[in-house]
Amino acid sequence: MSCDMQPSITALASAKLFAGTTLPWVLEANEAGSGMAREDFLAWLVDNRQSIENRLHRHGAVLFRGFKALKGAADFEAVIKAMSHKLLDYAGGTTPRSAVSGQVVTSTDAPPHLTIGQHQEMSYLEPSPSFPDPTPDKVAFFCEVEPAGGGQTPLCDMRTVLQKLPQDLVRRFETRGLVLTRQLPETKQAGYEVTWPTMFGTSDRQEAEAFAAKRRWRIEWTDDGGVRVHQNPSPSTLVHRVTGEKVWFNQAHLLHRHYAPWTGDFLGPAADQQAEAERLRPALSKRFFYHSTHADGSDIMISDLETVRQTIAETMTMFDWKVGDLLICDNKLVSHGRQPYTPPRRILAALAADDRGERT
Ligand SMILES: [Fe+2]
């Protein structure tokens, strides 16, 4: 709740949108905001939390820029906690990351030349009795080292995407559902592979089996030491818990053999690297893949996936990172991705659940 001790949002920052965009909503520090101490910044955030949350629900993402009190992972973590979000682990995820401190991780360890497609974090995790709402409410990023070139984190409003998609496509996805299968290796060979010890957060098979059992996933250990994970059907759209708005909410357009990362230049852009990738592809695509089908096992039409990709590409927007930027996204309303970049670049990430007293 607001108290009279703290200044309003606009006393310390000016609010704006980047030209031609609807998101993120940008809070740019003024002189007083720029120089404030960390503890004052956190108190200001807590006091204005509800209005910031309202902006998050309206725009889908809020960017804090120019607050010099924000210097690194510890400050980043403190902000997310101050916003009353419970930090979450990344176990069960699909991209390579490194732990930084606590539950703060690098945004992705995928090679710089690769584009990461638009996704809502963990939207492929299906609700189950143990996890009725298994996907993070928020995903947040902090720019520790701004990219030398490129490396933007494009954002896309999935309410708009759902409105733009052809109704017959949406009906096909909603009535037929989706299901994800993953094949994960035990050890990493190529640049993009995610191993099962990374995904499960343990190299102990029994612990991995317990993780899978809790989510009701069926798993098969394969002869090469890998594992095949069969998930349960998940919906393709979702109604936002707070705003009541319906959004497109799945990753079939990325987690599909047709678009597997190893069909791109995962080793690098040079001709000899491309040739090597081509040579390795048949073996690697057996070791590691994600594949989505409809819930009855039937194939998703490639033309539908192309339409989804095209609609997202036409809707997404991007801005250039500046050191110290802190971005909070509503993970249900907005997807994010990553553009190729020229190193260095260091963007930290954290996943969070709204504190509503119902998660274990
Ligand atoms: Fe992500």
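Since this is a predicted model, take the numbers as computed values, not measurements. (Residues numbered from 1 in each chain as written. Predicted model: local features only at pLDDT ≥ 70, side-chain atom pairs only at ≥ 80, totals over all residues. Heavy atoms only, no water.)

What about the overall build of the protein chain?
- When helices and strands are counted, the protein chain shows eleven helices and 20 strands.
- Since a compact globule built from 360 residues should have a radius of gyration of about 21 Å, the 20 Å found for the protein chain is in line with a globular shape.
- Over its C-alpha atoms, taken along the principal directions, the protein chain stretches across nearly 65 × 45 × 40 Å.
- For the protein chain, the proportion of its 360 residues judged to be buried stands at 54%.
- Intrachain contacts of the protein chain at a sequence separation of at least 6 include 79% that bridge at least 24 residues.
- Taken as a whole, the protein chain presents about 15,600 Å² of accessible surface, with 51% of it coming from carbon and sulfur.
- Mean positive and mean negative side-chain charge positions of the protein chain (40 and 44 charges, respectively) differ by 2 Å. (Helix = DSSP H or I, 4+ residues; strand = E, 2+ residues; numbered from the N terminus. Rg over C-alpha atoms; globule rule 2.2 N^0.38 Å. Buried < 20%, exposed > 50% of the residue type's maximum accessible area, 1.4 Å probe, protein only. Contact = heavy atoms within 4.5 Å. Areas by Shrake-Rupley, 256 points an atom, 1.4 Å probe, with all protein chains shown as cover. Lys, Arg positive; Asp, Glu negative; His and termini not counted. Charge placed at Lys NZ, Arg CZ, Asp CG, Glu CD.)

Remarks on the state of the cysteines
- Enumeration according to the criterion identifies zero disulfides in this entry.
- Cys143 takes part in no disulfide bond, and the closest cysteine sulfur, belonging to Cys329, lies 14 Å away. (Disulfide = S-S within 2.5 Å.)

A closer look at the sheet that holds strand S16 (residues 289-293)
- Taking strand neighbours across the sheet as the criterion, the four strands line up as S12-S13-S11-S16 in an open arrangement whose pairing is antiparallel. The open sheet has two free edges, formed respectively by strand S12 (218-221) and S16, since each of these has just one partner strand. Averaged over neighbouring strand pairs, the angle between their axes works out to 15 degrees when direction is ignored.
- Bridge count between strand S11 (residues 179-184) and strand S13 (residues 227-230): four bridges; the pairing is antiparallel. Each residue of the ladder has a partner; that of Leu184, found in S13, is Val227. (Pairing = 2+ DSSP bridges. Axes fitted to C-alpha atoms, helices over the stretch in contact; angles between N-to-C directions.)

Description of unusual backbone geometry
- A cis amide bond, omega -5 degrees, links Leu23 with the succeeding residue Pro24.
- Position of Pro24 relative to the elements: it lies in the loop between strand S1 (13-17) and strand S2 (25-29).
- The omega angle of the peptide bond from Pro343 to Pro344 is 0 degrees, so this bond is cis rather than trans.
- Of note, Arg216 is a non-glycine position whose phi angle comes to about 60 degrees, a positive value.
- Following the sequence through the fold, Arg216 ends up in the loop between helix H9 (205-214) and S12.

Here we look at the sheet that holds strand S10 (residues 155-157)
- Taken in spatial order, the three strands make up an open sheet running S7-S18-S10, and their pairing is antiparallel. Every interior strand has two partners, whereas the edge strands, strand S7 (116-119) and S10, have only one. Adjacent strand axes in the sheet meet at a mean angle of 15 degrees, parallel and antiparallel pairs treated alike.

Some remarks on the coordination of the iron ion
- Bound to the iron ion are the protein donor atoms His119 (NE2), Glu121 (OE) and His336 (NE2), situated 2.2 Å from the metal.
- Between consecutive donor residues of the iron ion, the sequence gaps follow H-x1-E-x214-H. Here Glu121 is found in the loop between S7 and strand S8 (138-145), whereas its partner His336 is found in strand S18 (residues 334-338), with 215 residues between them in sequence. (Donors = N, O, S within 2.8 Å, 3.2 Å for Na, K, Ca; no water.)

Examining the side chain of Gln231
- The topology assignment puts Gln231 in the loop between S13 and strand S14 (237-239).
- Among the polar contacts listed, one links the side chain of Gln231 to the backbone oxygen of Tyr124, at a separation of 2.9 Å.
- A distance of 2.8 Å separates a polar atom in the side chain of Gln231 from a polar atom in the side chain of Arg182. (Polar contact = N/O pair within 3.5 Å; in protein donor to acceptor, adjacent residues only side chain to side chain.)

Focus on helix H11 (residues 302-315)
- The terminal C-alpha atoms of H11 lie 20 Å apart, and with 14 residues this matches the ideal 20 Å at 1.5 Å per residue to within 8%.
- For H11, every residue scored as buried is listed here: Asp304, Leu305, Val308, Thr311, Ile312 and Thr315. Seen end-on, H11 carries its buried residues on one side only, within an arc spanning 125 degrees.
- Buried residues in H11 make contact with S7, S10, helix H6 (158-164), helix H7 (167-176) and strand S15 (246-248). (Expected span 1.5 Å × (residues − 1). Arc of directions from axis to C-beta.)

Some thoughts on the pattern of salt bridges
- Evaluated as defined, the whole model comprises 20 salt bridges.
- For the salt bridge of Asp137 with Lys332, the shortest nitrogen-to-oxygen distance reads 3.4 Å. One end of the pair, Asp137, is in the loop between S7 and S8; the other, Lys332, is in the loop between strand S17 (326-330) and S18, with 195 residues separating them in the sequence.
- As a salt-bridge pair, Arg287 and Glu193 come within 3.0 Å of each other at their nearest N and O atoms. Taken together, the residues Arg287 in helix H10 (residues 271-287) and Glu193 in the loop between S11 and helix H8 (196-200) connect sequence positions 94 residues apart. In this pair, the class of Arg287 matches that of Glu193, namely buried. (Salt bridge = Lys/Arg side-chain N within 4 Å of Asp/Glu carboxyl O.)

Quick notes on the packing of aromatic side chains
- The tally for this structure, following the rule as stated, stands at 13 aromatic pairs.
- Pairing Phe319 with Trp321 gives two aromatic rings, centres 5.3 Å apart and planes at 70 degrees, and the pair type is edge-to-face.
- According to the relative accessible area criterion, Phe319 is buried, its value standing at 7%.
- Members of the aromatic cluster, each reached through a chain of ring pairs, are Phe41, Trp44, Phe64 and Phe67.
- Directly above the ring of Trp221 sits Arg205, whose terminal nitrogen or CZ lies 4.3 Å from the centroid.
- Directly above the aromatic system of Phe289 lies the positively charged group of Arg257, at a separation of 4.2 Å from the ring centroid. (Phe/Tyr/Trp six-rings, centres within 6.5 Å; stacked < 30°, edge-to-face > 60°. Lys NZ or Arg CZ within 6 Å of the ring centre and 35° of its normal.)

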